Amino acid sequence: MIGVGKIKQYSNVLDKPLSKGKQEVSLSAFAFLFSELVQYNQTQVDNIAELERRLEDAGYSVGARVLELLCHRDKGNRRETRLLGILSFVHSTVWKVLFGKVADSLEKGTEHEDEYMISEKELLVNRFISIPKDMGTFNCGAFVAGIVRGVLDSAGFPAVVTAHFVPVEGQLRPRTTILIKFAEEVLRREARLG
Amino acid sequence: MPAVAPRSGEAIFSSAERVNAELFTLTYGAIVRQLITDLEEVDEVNKQLDQMGYNIGVRLIDEFLAKSNVSRCVDFKETAEVIAKVGFKMFLGVSATVTNWDAEGTTCSLVLEDNPLVDFVELPDTCQGLHYCNVLNGVVRGALEMVSTCYLMLVLSSCHIIILV
């Protein structure tokens, strides 16, 4: 079914050479699609937490595939096995491929050892989105949080990942912070590896 | 007011903000997967994808008209060409080919040779009735409806859209 036309036919998708990832579509095309994703999910839930969870699930499946794709294409079938390595992989490589730029910042949480934060002044998915007042703290960045969780989980770093708006002084729009809280086992393993 | 010259799909696409096609492809994949999980029946999924496309189409036509400066198409042949060469190009970065005209000139196919939606995609046997790219149908339908052209559309395969007047 797929691949009708003059393009060379491949019997299955794995025989097809991997694209270099340079192809682009217009930002509006993505924004329209993303807005449909959010709107559809809104019809399936009765509360904000549920909506965020569903967006995160959608993101998760993207993240799992992104990890596989990037390890295969950019890293010669290797993946990071250490905590800081995988975090900087998400912050730079993944971000650069998906959003065209390195994330604005990657910080370690000050209060908890197991928390890390990736912040972005203007997250691509939030670009054309404003949240109605009655939806409180809802952040469509949940989708991106899901992508991050998908990448981390598939690489063997289970974590809870959430997206939050953080007001910035002198700025009209708040920035989005992706909060990553690693599972206990990850930190134990890190400590053992030294 | 002097008429503004229509712009080519290529020119609009290269001056627009763009994102990586893989993010787009994988996000679309996530949507389709979610629909299959929620709705279970492929026919329902096809319907929902078409509806989503329609919602996009009715909004997208504004941007299309604002950026492309195309004037009203005189006939269906021209409409099909504009969709294929300007519409698809300015949003997806790829153009379609218009073929399979019937004798009356009321039916044609748009064929996308390089469809960003289907990268990495292979349908399992359980999803054979799924029109994976049904969203494109909806988009074209929604957009055309806004500029009031009569039509009816069918998808034959994932890269093949048939338009009937």
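- Naming follows an unreviewed UniProt entry, where chain B appears as Trafficking protein particle complex subunit of Chenopodium quinoa.
- You can read under Subunit (unreviewed entry) in the UniProt record for chain B the words "Homodimer."
- As stated in UniProt under Sequence similarities (unreviewed entry), the record for chain B gives "Belongs to the TRAPP small subunits family. BET3 subfamily."

- Going by what an unreviewed UniProt entry lists, chain A is known as Trafficking protein particle complex subunit and is assigned to Chenopodium quinoa.
- Its UniProt record, at the heading Subunit (unreviewed entry), says of chain A: "Part of the multisubunit TRAPP (transport protein particle) complex."

## A look at the side chain of His-91 of chain A
All names here are of chain A.
- Within the secondary structure layout, His-91 lies in helix 3 (residues 83–99).
- With a relative accessible area of 15%, His-91 lands in the buried category.
- A polar atom in the side chain of His-91 sits 3.1 Å from the backbone oxygen of Ala-103.
- If near-sequence neighbours (up to four positions away) are discounted, His-91 is found in contact with Val-102, Ala-103, Ser-105, Leu-106 and Ile-118.

## Notes on the pattern of salt bridges
- In this structure the tally under the stated criterion is 23 salt bridges over all chains.
- Residue Glu-24 of chain A pairs with Arg-18 of chain B through a salt bridge whose shortest N-O separation is 2.7 Å. In this pair, Glu-24 of chain A sits in strand 1 (residues 24–26) while Arg-18 of chain B sits in strand 1 (residues 18–20), so the two residues belong to two different chains.
- Note that Lys-75 of chain A is salt-bridged to Glu-80 of chain A, the shortest N-O span being 2.9 Å.
- Classification of Lys-75 of chain A as partly exposed rests on a relative accessible area of 27%.
- Because the salt bridges share partners, they merge into one network encompassing Glu-50, Arg-53, Glu-56, Asp-57 and Arg-149 of chain A.

## Some thoughts on the interface of chain B and chain A
- Across the contact, 49 residues belong to chain B and 46 residues belong to chain A.
- With both sides pooled, the region where chain B packs onto chain A buries about 4400 Å², and carbon together with sulfur makes up 61% of that total.
- On inspection of chain B and its partner chain A, the count reaches 4 salt bridges.
- Salt-bridge contacts for Asp-38 of chain B lead to Arg-54 of chain A; the nearest nitrogen and oxygen are separated by 2.5 Å.
- Summed over the shared surface of chain B and chain A, the result is 16 residue pairs in polar contact (both at pLDDT 80 or more).
- Mapped by element, the contributors of at least two residues to the side of chain B that touches chain A are strand 1, helix 2 (21–39), helix 3 (42–68), helix 4 (76–92), strand 3 (107–112) and strand 4 (152–157) of chain B.
- Among the elements that line the side of chain B that touches chain A, the one with the most residues is helix 2 of chain B, at 14 residues.

## Some thoughts on the layout of surface pockets
- Taken as a whole, the second largest pocket spans an internal volume of roughly 610 Å³.
- Around the second largest pocket sit 31 residues that line it, and Leu-60, Ile-61, Phe-64, Ile-83 and Ala-143 of chain B are the ones nearest its centre.
- Only helix 1 (27–43) of chain A together with helix 2, helix 3, helix 4 and helix 5 (134–146) of chain B provide two or more residues apiece to the lining of the second largest pocket.
- Tallied by class, the residues present in the lining of the second largest pocket amount to 25 nonpolar, 5 polar and 1 charged.

## So, the confidence of the model for chain B
- Looking at chain B as a whole, its pLDDT mean stands at 87, while 87% of the residues score no less than 70.
- In the model of chain B, strand 4 of chain B stands out as the element of lowest mean pLDDT, 51, in contrast to helix 2 of chain B, which has the highest, 96.

## So, unusual backbone geometry
Residues and elements named next belong to chain B.
- Unusually for a residue other than glycine, Asn-100 sits at a positive phi of about 55°.
- Looking at where Asn-100 falls in the secondary structure, it is placed in the loop between strand 2 (96–99) and strand 3.
- When its relative accessible area of 53% is taken as the criterion, Asn-100 is described as exposed.
- With a phi angle near 65°, Phe-120 is a residue other than glycine that sits in the positive phi range.
- Here Phe-120 lies in the loop between strand 3 and helix 5.

## So, the nonpolar core
- Ranked by internal contacts, the top residues of the largest apolar core, which has 104 residues, are Trp-95, Leu-152, Ile-180 and Phe-182 of chain A.
- Apart from the residues lying within four places of it in its own chain, the contact partners of Leu-152 of chain A are Ile-86, Val-90, Phe-157, Pro-158, Ala-159, Val-161, Ile-180 and Phe-182 of chain A.

## Observations regarding the pairing of strand 2 (residues 105–108) of chain A
Residue and element names in this part refer to chain A.
- Here strand 2 pairs with strand 3 (residues 115–120) via 4 bridges, running antiparallel. Across the sheet, Lys-108 pairs through a bridge with Tyr-116, a residue of strand 3.
- What sits between strand 2 and strand 3 in their antiparallel hairpin is a turn of 6 residues.

## With respect to the sheet that holds strand 5 (residues 175–182) of chain A
Residue and element names in this part refer to chain A.
- Strand order in this open sheet of 4 strands is 2-3-5-4, and the pairing throughout is antiparallel. With one partner strand each, in any of the chains shown, strand 2 and strand 4 (159–166) form the two edges of the open sheet. Averaged over all pairs of adjacent strands, the angle between strand axes in this sheet comes to 20°, irrespective of strand direction.
- Pairing of strand 4 with strand 5 involves 8 bridges; the strand directions are antiparallel. From the neighbouring strand, Phe-165 faces strand 5, where its bridge partner is Thr-176.

How each quantity is defined
- Residues numbered from 1 in each chain as written.
- Chains lettered and ligands numbered in written order.
- Predicted model: local features only at pLDDT ≥ 70, side-chain atom pairs only at ≥ 80, totals over all residues.
- Heavy atoms only, no water.
- UniProt positions renumbered as here; feature names shortened; annotations may be inferred.
- Helix = DSSP H or I, 4+ residues; strand = E, 2+ residues; numbered from the N terminus.
- Buried < 20%, exposed > 50% of the residue type's maximum accessible area, 1.4 Å probe, protein only.
- Polar contact = N/O pair within 3.5 Å; in protein donor to acceptor, adjacent residues only side chain to side chain.
- Contact = heavy atoms within 4.5 Å.
- Salt bridge = Lys/Arg side-chain N within 4 Å of Asp/Glu carboxyl O.
- Buried area = accessible area lost by both parts, 1.4 Å probe.
- 1 Å grid on protein atoms, 1.4 Å probe; cavity = no way out; pocket = protein on both sides within 12 Å on 5 of 7 lines; lining within 4 Å.
- Points joined across faces, edges and corners; volume = space filled by probe spheres on them.
- Nonpolar A, V, L, I, M, F, W, Y, C, P; charged D, E, K, R; others polar.
- pLDDT = per-residue confidence, 0-100.
- Core = buried A, V, L, I, M, F, W, Y, C linked by side-chain atoms within 4.5 Å.
- Pairing = 2+ DSSP bridges.
- Axes fitted to C-alpha atoms, helices over the stretch in contact; angles between N-to-C directions.

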